[in-house]
Amino acid sequence: MILLTLKLFYALLLPCLFGFAVIEAMNGAREIPPGLKWSLAYGLGTGFLALWMFTSGIYGASFHPPLLSLPLLVVILRFLLARRVKRPSAAAGWAEPAPSREPWAMTSPQKMLSFLFCLYILYYVVFVFWRSLHIPVFVWDGVATIAYKAKIFFYHKGLVPLHILPHPSYPLLVPLLETWITLNISQWDDQLIKFFFPFTFIAYLGVHYSFLKILTHKFWALFGTALLVSSNAFVFFATVSYRDFFLLYFNCTAILLLLLWNKKRAPAYLLSAAFFSGITTFTKLEGTGYLFIHLALLGALLIRDTTIPTRGKFFLGAKFLIPSGAVPALFLVYKTLTGVPVSERIQFGFPWEHLDRIPSIVTQFGWNLFLTGNWNIIWLLLFLSLLQVNCKKASPETQALMITTGMFFFLYFTIAWLTPNFIWLAGSLAYDGLTRVILHFFPLSTILITLILHSKE
């Protein structure tokens, strides 16, 4: 049991240390608070690990943990050596901590509420860990698609031609991470393949809390995080072996990092956002659409900023687009060369009878947001909060989040209207399908509520 535990934490710790080393090597890494840095390190490490397994598998390399671990260990050791050499120099920036903001004193009621928020959040953290690691894979996609692919990769000890797998066009991040776990413990286990899921939950909570703390204060950061875990759907999907929670983590983190870059101008935020944006495309097919939303958000931020020359804006756009676009380009080229369709569902058309779908789409969206038990009353709170917002006087982050959330709704309204996915988004299967896609950007609603309430304080 002890040996198994050590193997599991090695499988987790190695990509995390790699991600931390990469962040520390970025220009402006000192601007990132430690808690946020480790939350990002988890995503950077697991994302790179999956891409490395995929790339090595393309060239026929076998999946053996020592071989897969080698490049990660090299980067980690190089970072440790560089840190040891540069530590005596204050100019190097390794030892000097980032400047801290002035402390903000909470009132007695806020201290009491903060304590209750902490207990509330801790309860759900324990629940997510218990449910993830004590209940085997049981959901349909988790068994028939994700775990099935991971099991083939594990017993084959490598990548197999995609066309022989179910849903061959689907991205492979989650199956490859499940394969990584089983390779390290040297056995297939229907429970332990979900080992990464509760840590993804923790990592996103760290990003969410850190973002709100940077923009507001500790009390409001705890409030926004407690609001987040009050959603039944958010907690449920953190415990089952779907890809949706991973997509939530990478998608929302990319958006929040872009907003932090706009506020702090630290290059590490922009580079991290680019990587997270790229990994969304390797998590689910929807991630490609989200990449365009991220690009639109960055474009809006650059257009609004009059202090950056036009040439600098193009440079920053390329700095984001090249890393983020390289990931979907790699997978697209591989699928094209192996004869796998780019997508199995997106087929746009505009027959006039599709106009009849619009009332059903509006009804299903409203019903899912306001009349189910998925989201608590958060979307209602957001609607009431937005009624009090003066858009011209709102903070840049509030304005950007309002526009971004609107883009997500517009994207899925268009998909439901013009594609066969209508059945999943506004038809007979909308309860499950629509809930899962709303989950991908749901945290933005709790951040908006928190920022609006904080602005009224």
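Shown above is the structure to which this text applies.
Residues numbered from 1 in each chain as written. Predicted model: local features only at pLDDT ≥ 70, side-chain atom pairs only at ≥ 80, totals over all residues. Heavy atoms only, no water.

Asker: What am I meant to see in the packing of helix H10 (residues 244-264) against helix H12 (residues 286-304) here?
Answerer: Pairs of packed helices are described in terms of their axes, by the angle between the two and the distance that separates them. Two elements in contact, H10 and H12, have axes whose closest approach is 10 Å; the angle formed by their N-to-C orientations is 10 degrees. Taken together, the axis directions place H10 and H12 in an arrangement best described as roughly parallel. On H12, the residues touching Leu247, Asn251, Ala254, Ile255, Leu258, Leu259, Trp261 and Asn262 of H10 are Glu286, Gly287, Tyr290, His294, Leu297, Leu298, Leu301 and Leu302. Taken together, the residues that form the contact of H10 with H12 break down as eleven nonpolar, four polar and one charged. (Axes fitted to C-alpha atoms, helices over the stretch in contact; angles between N-to-C directions. Helix = DSSP H or I, 4+ residues; strand = E, 2+ residues; numbered from the N terminus. Parallel < 35°, antiparallel > 145°, perpendicular 65-115°, else oblique. Contact = heavy atoms within 4.5 Å. Nonpolar A, V, L, I, M, F, W, Y, C, P; charged D, E, K, R; others polar.)

Asker: I keep staring at the state of the cysteines and nothing clicks. Help me out?
Answerer: What makes a disulfide is a covalent bond joining the sulfur atoms belonging to two cysteines. A full pass over the atoms with the stated rule returns zero disulfides. Free of any disulfide, cysteine 252 has its nearest neighbouring cysteine sulfur in cysteine 16, separated by 20 Å. On the basis of relative accessibility, which here comes to 0%, the residue cysteine 252 falls in the buried class. (Disulfide = S-S within 2.5 Å. Buried < 20%, exposed > 50% of the residue type's maximum accessible area, 1.4 Å probe, protein only.)

Asker: What's the story with the nonpolar core in this structure? I'm lost.
Answerer: A general tendency of soluble globular proteins is for nonpolar side chains to be buried together. Of all hydrophobic cores here, the largest spans 153 residues; its most connected members are Tyr204, Phe234 and Phe282. Per-element accounting of this core gives the leading share, 15 residues, to H10. Apart from the residues lying within four places of it in its own chain, the contact partners of tyrosine 204 are Leu228, Phe234, Leu248, Tyr249, Cys252, Thr253, Leu256, Pro443 and Ile447. (Core = buried A, V, L, I, M, F, W, Y, C linked by side-chain atoms within 4.5 Å.)

Asker: So what exactly am I meant to see when it comes to the packing of aromatic side chains here?
Answerer: The geometry of an aromatic ring pair is captured by the separation of the ring centres together with the interplanar angle, meaning the angle of the planes. Summed over all chains, the structure comprises 43 aromatic pairs. Taken together, a centroid distance of 5.1 Å and an interplanar angle of 75 degrees make the contact between tyrosine 123 and tyrosine 124 edge-to-face. When its relative accessible area of 52% is taken as the criterion, tyrosine 123 is described as exposed. According to the relative accessible area criterion, tyrosine 124 is buried, its value standing at 17%. Between phenylalanine 413 and tryptophan 417, the aromatic rings sit 6.1 Å apart at their centres with planes inclined by 55 degrees, giving tilted as the arrangement. Separated by four residues within a single helix, phenylalanine 413 and tryptophan 417 lie in helix H16 (residues 396-418), roughly one turn from each other. Overall, phenylalanine 413 belongs to the partly exposed group, its relative accessible area being 22%. An aromatic cluster of at least three residues, connected via ring pairs, comprises Phe201, Phe234, Phe245, Tyr290, Phe365, Trp375, Trp379, Phe408, Phe409, Tyr412, Phe441 and Phe442. Residue placement shows arginine 265 over the ring face of tryptophan 261; its charged tip is 4.4 Å from the ring centre. Against the face of tyrosine 242 rests arginine 436, its NZ or CZ located 3.9 Å from the ring centre. (Phe/Tyr/Trp six-rings, centres within 6.5 Å; stacked < 30°, edge-to-face > 60°. Lys NZ or Arg CZ within 6 Å of the ring centre and 35° of its normal.)

Asker: Even after reading the chapter, I still don't get the environment of leucine 8, so can you show me in this structure?
Answerer: Relative to the helices and strands, leucine 8 resides in helix H1 (residues 2-25). In the structure, leucine 8 is positioned 62 residues away from leucine 70 in sequence and 17 Å away in space, judged by C-alpha atoms.

Asker: Quick question: what am I supposed to make of a nonpolar patch on the surface here?
Answerer: A surface patch of nonpolar side chains, about 920 Å² in accessible area, is lined by Trp367, Phe370, Leu371, Ile377, Leu380, Phe383, Leu384, Leu387 and Tyr431. Sorting the residues of the nonpolar patch by element identifies helix H14 (357-370) and helix H15 (378-386) as the ones contributing at least two each. Turning to its location among the elements, leucine 371 is positioned in the loop between H14 and H15. (Patch = residues over 30% accessible without salt bridge, like charges linked within 9 Å, V, L, I, M, F, W, Y side chains within 5 Å. Areas by Shrake-Rupley, 256 points an atom, 1.4 Å probe, with all protein chains shown as cover. Salt bridge = Lys/Arg side-chain N within 4 Å of Asp/Glu carboxyl O.)

Asker: Looking at this structure, I do not really get the side chain of glutamate 178. What am I missing?
Answerer: Position of glutamate 178 relative to the elements: it lies in helix H6 (residues 173-185). Once residues lying within four places of it in the same chain are set aside, the contact partners of glutamate 178 are Ile146, Ala147, Ala150, Ile193, Phe197 and Ser241.

Asker: Which parts of the structure should I look at to understand the pattern of salt bridges?
Answerer: A side chain of one charge can pair with a side chain of the opposite charge if their charged atoms are brought near each other. One pass over the full model with this rule turns up seven salt bridges. Salt-bridge contacts for glutamate 24 lead to lysine 37; the nearest nitrogen and oxygen are separated by 3.1 Å. Highlighted residues: glutamate 24 in helix H1 and lysine 37 in helix H2 (residues 34-58), separated in sequence by 13 residues. Side by side, glutamate 24 and lysine 37 carry an identical accessibility label, which is buried. Two residues, arginine 436 and aspartate 141, come together in a salt bridge whose shortest N-O distance is 3.2 Å. Of this pair, arginine 436 sits in helix H18 (residues 430-439) while aspartate 141 sits in helix H5 (residues 140-156), and the two are 295 residues apart along the sequence. Judged by its relative accessible area of 8%, arginine 436 is buried. When salt bridges with common partners are traced through the structure, they connect Asp141, Asp244, Lys284, Glu286, Asp432 and Arg436 into a single cluster.

Note that every value here comes from positions in space, so none of it alone points to a role or purpose.
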